Amino acid sequence: MHVPSADDLHGAVSVIDTREEYLEAVESLRQGHGPVAVDAERASGYRYSQRAYLIQVFRRGSGVFLFDPPAIGSMSELNEAIRDEEWIFHAASQDLACLREVGLDPTRIFDTELGARLVGMPRVGLGAVVEELLGIHLAKEHSAADWSTRPLPQSWLVYAALDVELLPDLRDAMLAVMEEQEKVEIASEEFDAVLHREAKPPKAEPWRRTSGLSTLRGPRALGLVRELWQTRDAFAQEVDTAAGRLLPDSSIIAAVKNNPETKRDLGAMKEFVGRASRTELARWWDALERGRASSDLPSLRGPSTGELPPARSWADRAPEADARYKAARPRLQHMSEAMSIPLENLLTPDHLRRVAWDAPPAFDEEHVGAALRDAGAREWQIRATAGVIAQAFVEAHQSLAADASGQS
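Residues numbered from 1 in each chain as written. Predicted model: local features only at pLDDT ≥ 70, side-chain atom pairs only at ≥ 80, totals over all residues. Heavy atoms only, no water.

Caption draft 1: Inspection of the overall build of the protein at higher detail. Helix and strand counts for the protein stand at 21 helices and 5 strands. Each principal axis of the C-alpha distribution contributes one length, and for the protein these read about 80 × 70 × 45 Å. Out of the 408 residues in the protein, the part that is buried amounts to 46%. Considering only intrachain contacts with a sequence separation of at least 6, the fraction spanning at least 24 residues in the protein is 67%. Per element, the accessible surface of the protein, about 20700 Å² overall, is 49% carbon and sulfur. Taken together, the 47 basic and 64 acidic charged side chains of the protein have centroids lying 9 Å from each other. (Helix = DSSP H or I, 4+ residues; strand = E, 2+ residues; numbered from the N terminus. Buried < 20%, exposed > 50% of the residue type's maximum accessible area, 1.4 Å probe, protein only. Contact = heavy atoms within 4.5 Å. Areas by Shrake-Rupley, 256 points an atom, 1.4 Å probe, with all protein chains shown as cover. Lys, Arg positive; Asp, Glu negative; His and termini not counted. Charge placed at Lys NZ, Arg CZ, Asp CG, Glu CD.)

Caption draft 2: Summary view of the packing of helix H17 (residues 319–339) against helix H19 (residues 349–357). Put simply, H17 and H19 touch, their axes get as near as 8 Å, and they point 145° apart. Classified by chirality, the crossing of H19 by H17 is right-handed. Facing H17, whose interface residues are Ala321, Arg324, Tyr325, Ala328, Arg329 and Leu332, H19 presents Leu352, Arg353, Ala356 and Trp357. Taken together, the residues of the contact of H17 with H19 sort by class into 7 nonpolar, no polar and 3 charged. (Axes fitted to C-alpha atoms, helices over the stretch in contact; angles between N-to-C directions. Left-handed = near helix turned anticlockwise from the far one by under 90°. Nonpolar A, V, L, I, M, F, W, Y, C, P; charged D, E, K, R; others polar.)

Caption draft 3: Quick look at unusual backbone geometry. Arginine 150 connects to proline 151 through a cis peptide bond whose omega is -5°. For alanine 91, which is not glycine, the phi dihedral falls at a positive 70°. Turning to its location among the elements, alanine 91 is positioned in the loop between strand S4 (86–89) and helix H5 (96–101). When its relative accessible area of 8% is taken as the criterion, alanine 91 is described as buried. Residues other than glycine seldom take positive phi values, yet serine 340 does so here, at roughly 55°. Position of serine 340 among the secondary structure elements: in the loop between H17 and helix H18 (343–346).

Caption draft 4: Fine view of helix H8 (residues 154–165). Across its 12 residues, H8 extends 16 Å between first and last C-alpha, which sits within 8% of the 16 Å expected from 1.5 Å per residue. For H8, a buried count of 9 out of 12 residues is recorded, marking the element as mostly surrounded by other parts of the structure. When H8 is considered as a whole, its buried residues turn out to be Trp156, Leu157, Val158, Tyr159, Ala160, Ala161, Leu162, Asp163 and Val164. (Expected span 1.5 Å × (residues − 1).)

Caption draft 5: Here's a closer look at the pairing of strand S3 (residues 63–67). Two elements, strand S2 (residues 54–59) and S3, share 5 bridges in a ladder whose sense is antiparallel. Residue glutamine 56 lies in a different strand from S3, and its bridge partner there is leucine 66. Between the antiparallel neighbours S2 and S3 lie 3 residues, among them glycine 61 with a positive phi of about 85°. (Pairing = 2+ DSSP bridges.)

Caption draft 6: Here's a closer look at the nonpolar core. Residues Ile55, Phe67, Met75, Leu78 and Trp147 are the most contacted members of the largest nonpolar core, which totals 72 residues. In terms of residue count, H8 provides more of this core than any other element does, 8 residues in total. Apart from residues lying up to four places away in sequence, phenylalanine 67 is in contact with Val15, Ile16, Tyr22, Ala25, Leu29, Tyr53, Leu54, Ile55, Val57, Ile72, Met75 and Leu78. Counting 28 residues, the second-largest nonpolar core is a separate cluster that includes Ala221, Trp229, Leu266 and Ala276. (Core = buried A, V, L, I, M, F, W, Y, C linked by side-chain atoms within 4.5 Å.)

Caption draft 7: Spotlight on the side chain of arginine 226. Of note, arginine 226 is situated in helix H11 (residues 219–239). One buried charged side chain, arginine 226, makes no salt bridge at all; its nearest oppositely charged neighbour is aspartate 296, positioned 4.4 Å away. Excluding anything up to four places from it in sequence, arginine 226 contacts Trp207, Ser294, Asp296, Leu297 and Pro298. (Salt bridge = Lys/Arg side-chain N within 4 Å of Asp/Glu carboxyl O.)

Caption draft 8: Focus on the sheet that holds strand S1 (residues 36–41). Ordered by their spatial adjacency, 5 strands build an open sheet running S3-S2-S1-S4-S5, and the pairing between neighbours is mixed. The sheet is open, and its two edges are formed by S3 and strand S5 (108–111), each paired on a single side. Each neighbouring strand pair of the sheet contributes to a mean axis angle of 25°, computed without reference to strand direction. Packed on one face of the sheet, helix H9 (residues 167–180) meets S1, S2, S4 and S5 and runs near 95° to S4.

Caption draft 9: Seen up close, a negative patch on the surface. On the surface, a cluster of negative charge is contributed by Asp17, Glu20, Glu21 and Glu24. Among the secondary structure elements, glutamate 21 is positioned in helix H2 (residues 19–31). On the accessibility criterion, glutamate 21 (36% relative accessible area) is partly exposed. (Patch = residues over 30% accessible without salt bridge, like charges linked within 9 Å, V, L, I, M, F, W, Y side chains within 5 Å.)

Caption draft 10: Focus on the pairing of S5. Judged from the 4 bridges that link them, S4 and S5 form a sheet pairing that is parallel. Across the sheet, residue glutamate 86 finds its bridge partner in S5, namely arginine 108. One crossover worth recording links S4 to the parallel S5 by way of H5, and it is right-handed. (Right-handed = clockwise from strand over helix to strand, strands pointing away.)

Caption draft 11: Geometry of the side chain of asparagine 345. Structurally, asparagine 345 is set in helix H18. Contacts of asparagine 345, omitting those with residues within four sequence positions, involve Leu114, Arg117, Leu118, Trp380 and Gln381.

Caption draft 12: Local environment of the environment of arginine 292. Examined against the element boundaries, arginine 292 turns out to sit in helix H15 (residues 281–293). Since its relative accessible area comes to 25%, arginine 292 is described here as partly exposed. Considering only alpha carbons, one finds arginine 292 and glycine 223, 69 residues apart in sequence, at a separation of 7.9 Å. Among residues more than four places away in sequence, those in contact with arginine 292 are Arg220, Leu224, Asn259, Pro260 and Trp285. At a separation of 2.9 Å, a polar atom in the side chain of arginine 292 contacts the side chain of asparagine 259. (Polar contact = N/O pair within 3.5 Å; in protein donor to acceptor, adjacent residues only side chain to side chain.)

The following block contains the structure:
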């Protein structure tokens, strides 16, 4: 059966990039009705910043509007007009931060990507969900485009418009599925959690995420990576270009491993690539020189993060915690399958690990529920899982006690 393509039928789309046109659009959206569909396009992989380079808004009775945030500036007037309406997103967590940068901050959301997970859809990308629930084929070939490009090609603008024009119909269809599966309350809690989730604090030593770092040995090598990484990061921020495009991680690792004796040797390395590998050669060489001269070398293990040790190491390090975790996890997996909710949405894996590692004072539903709440679990998750986890912990404790008795 042929599935119609929405792209082929769409008319021309223009971008609003003046304050006058923007304020006219705000008034039009104010006069519309129903929830407001919102999306944002960034230039991840091309730019250093995660700012929005295009914001799309659609409302029934108003139409679709594509805004150029760098040209418009603050969009607080739009926020004032629609902030108390329900905003529809597909994967809201990806867009909320860059929308807040320009003054757009909703009070209620409906997330069709998260909703698709909660109702058990096997594929949750926008194209797949639209095709499944609306029977419309939505091409996604521009999802990784450089949205800082100006002017934006018409085919990209049509793609961007469709990302929001179909969201109200998709929201209505998904809500019907949620009602049928009795998951409306669950979805409401999850949407609210996304909306109010605090941003993660920046990592203490982000340079330790350099790909290939584990192949190096010794604090001096780590110090050289740190200096190159920090130099690259500062330059990337200055020119607003993705750091990996200027100098990929593989080039940093290669420079440290090869230990070139001169700047010319560094430039002659065939593994030393990237857009700025040669044009900024002096910059990278100076970084290596600073790293070689530094007496402030990083530790091999890195700063304490407060994270739990990997669960695979628990059997030796903490056998009781290991037994609790291994008893509870398959039960949650079974519950996940029965409810048609992915395990990671039924209960965040870290929440189970924390409760298993630092056990509550009693293995009953009340105490396990309190521990889950302290870990950050939502109320519906606690209602669904606390009893199952408590029973698993009891049986794990009894099994360990029986093993200990048998060995004595």
